[in-house]
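A look at the structure
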Amino acid sequence: MGNSLLLSVCIPTFERADLLQKVLAHLISLPIFQSSDEWEIVISDNASQDATEAVAKKFAHQHPQRIRYFRNDTNVYDDNFRLALSRGQGLYLKLCNDTLLLTNNGISEMLAQIKANCREKPNLYFRCDNSSLSAETCETFDQFVRSVGYMCTWIAEFGIWRTKFLELSDFGRARGKQLIQVDATFRILDTSPRTIIFHQHFFDTLPKPRHGGYAPSLVFGQNYFSLLRPYVESKQVSHQAFELDKFRMFRYVILPNYLITSPTFQFPRTDYIRNLWPEYKSKGYFYFFLPFVYLAIPIAFIRLILSRIH
């Protein structure tokens, strides 16, 4: 890999060989994979015991100059995000879920913007949404929270210049909160707030057979705000922006995860009040939806039992 390498698509993965197979097959089928050698694919396997290693090695063997595979000796959990990024050699490191189907136009836009901004190195944020805006610039931390806010918890939208990654001490320090990428985002904004946000259809996502593994009320209703609050106290983020972000997090992330009763949504639904109380105890909307939440819990349990019987 030479100095012409602009982008590293870094994929942390764990025991989802079938999904990884589809993602890699999709990426190498893109016209830009054939026409541009300015980007690479990096796979960081978290000691999977399924066919992940065989799948990844097959693609790496077929495209040794473009796809690199690494396997951890043990499962390091969320610290695999840091390892995946550390193994990238591009000017810009893009963290990608192992369910992410980057689009051809999306990669083209990323490469163009990395090339255009590689001297100044403002924060680049590639949002996959349907906004009428093509791009916007945030000059302050507060503006970023108003524009992006809670959406920065989405791994698929995290990226960082390699130089800034190397400068950021203890990148994975928020691993216990399951929000490594959020802590890194906030720390960068603290010292270099200027961010260009690009709105485009950058990727699609493969459906996962199961959603779960963490308590949304804890990760999003408590851990996220514990990371953001210090910047409110230092007045880099206004109280108004903080409260707006809190409402949007509740409305678009926490609440849906408790009301959806599909058997594929297997999030722990316990400790709803205990986890949300510190941030939401004075919010009327929190109490308004309590009956709906506690009705959804037994419904979800019944549907889970029925799905296992059949």
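For the structure given in this document, a descriptive report is provided here. Keep in mind that what you see is a predicted model, and the values were worked out from it rather than measured. (Residues numbered from 1 in each chain as written. Predicted model: local features only at pLDDT ≥ 70, side-chain atom pairs only at ≥ 80, totals over all residues. Heavy atoms only, no water.)

Every buried residue of helix H11 (residues 272–280) is listed here: Tyr272, Asn275, Leu276, Glu279 and Tyr280. For H11, the buried positions fall inside an angular range of 100 degrees around the axis, keeping them on one side. (Buried < 20%, exposed > 50% of the residue type's maximum accessible area, 1.4 Å probe, protein only. Helix = DSSP H or I, 4+ residues; strand = E, 2+ residues; numbered from the N terminus. Arc of directions from axis to C-beta.)

Throughout the structure, instances matching the rule amount to 27 aromatic pairs. Judged by centre distance (6.5 Å) and plane angle (10 degrees), the ring pair of Tyr150 and Tyr252 falls under stacked. Taken as a pair, Tyr150 in the loop between helix H6 (141–147) and strand E8 (159–161) and Tyr252 in helix H10 (residues 239–259) lie far apart in primary sequence, 102 residues in all. Of the residues examined, Tyr252 reaches a relative accessible area of 47% and is grouped as partly exposed. Taken together, a centroid distance of 5.4 Å and an interplanar angle of 45 degrees make the contact between Phe250 and Tyr280 tilted. Separated by 30 residues along the polypeptide, Phe250 in helix H10 and Tyr280 in helix H11 bring together distant segments of the chain. You'll find Phe250 and Tyr280 in the same group, each marked buried. The ring of Phe33 has Arg66 lying over it, and the distance from NZ or CZ to the ring centre is 4.3 Å. The ring of Trp161 is capped by Lys121, whose NZ or CZ atom sits 5.4 Å from the centre of that ring. (Phe/Tyr/Trp six-rings, centres within 6.5 Å; stacked < 30°, edge-to-face > 60°. Lys NZ or Arg CZ within 6 Å of the ring centre and 35° of its normal.)

Okay, the sheet that holds strand E9 (residues 195–200) next. The pairing of strands in a sheet happens through backbone hydrogen bonds and is either parallel or antiparallel. Taken in spatial order, the three strands make up an open sheet running E6-E9-E7, and their pairing is mixed. The strands lining the two open edges of the sheet, one partner per strand, are strand E6 (123–128) and strand E7 (135–138). Averaged over neighbouring strand pairs, the angle between their axes works out to 20 degrees when direction is ignored. The pairing of E6 with E9 spans six bridges and is classified as parallel. Bridging from a neighbouring strand, Leu124 pairs with Ile196 of E9. Along the sheet face, helix H5 (residues 104–117) touches E6 and E9 and points at about 160 degrees away from the line of E9. (Pairing = 2+ DSSP bridges. Axes fitted to C-alpha atoms, helices over the stretch in contact; angles between N-to-C directions. Contact = heavy atoms within 4.5 Å.)

Okay, the pattern of salt bridges next. Under the counting rule described, the total for this entry stands at 21 salt bridges. Linking Glu243 and Lys246 is a salt bridge whose minimum nitrogen-to-oxygen distance equals 3.3 Å. Highlighted residues: Glu243 and Lys246, both in helix H10, separated by three residues, approximately one helical turn. Note on Glu243: relative accessible area 18%, which makes it buried. Taking the relative accessible area as the measure of exposure, Lys246 reaches 3% and is therefore buried. Among the charged side chains, a network of salt bridges with common partners joins Arg229, Glu243, Lys246, Glu279 and Lys283. (Salt bridge = Lys/Arg side-chain N within 4 Å of Asp/Glu carboxyl O.)

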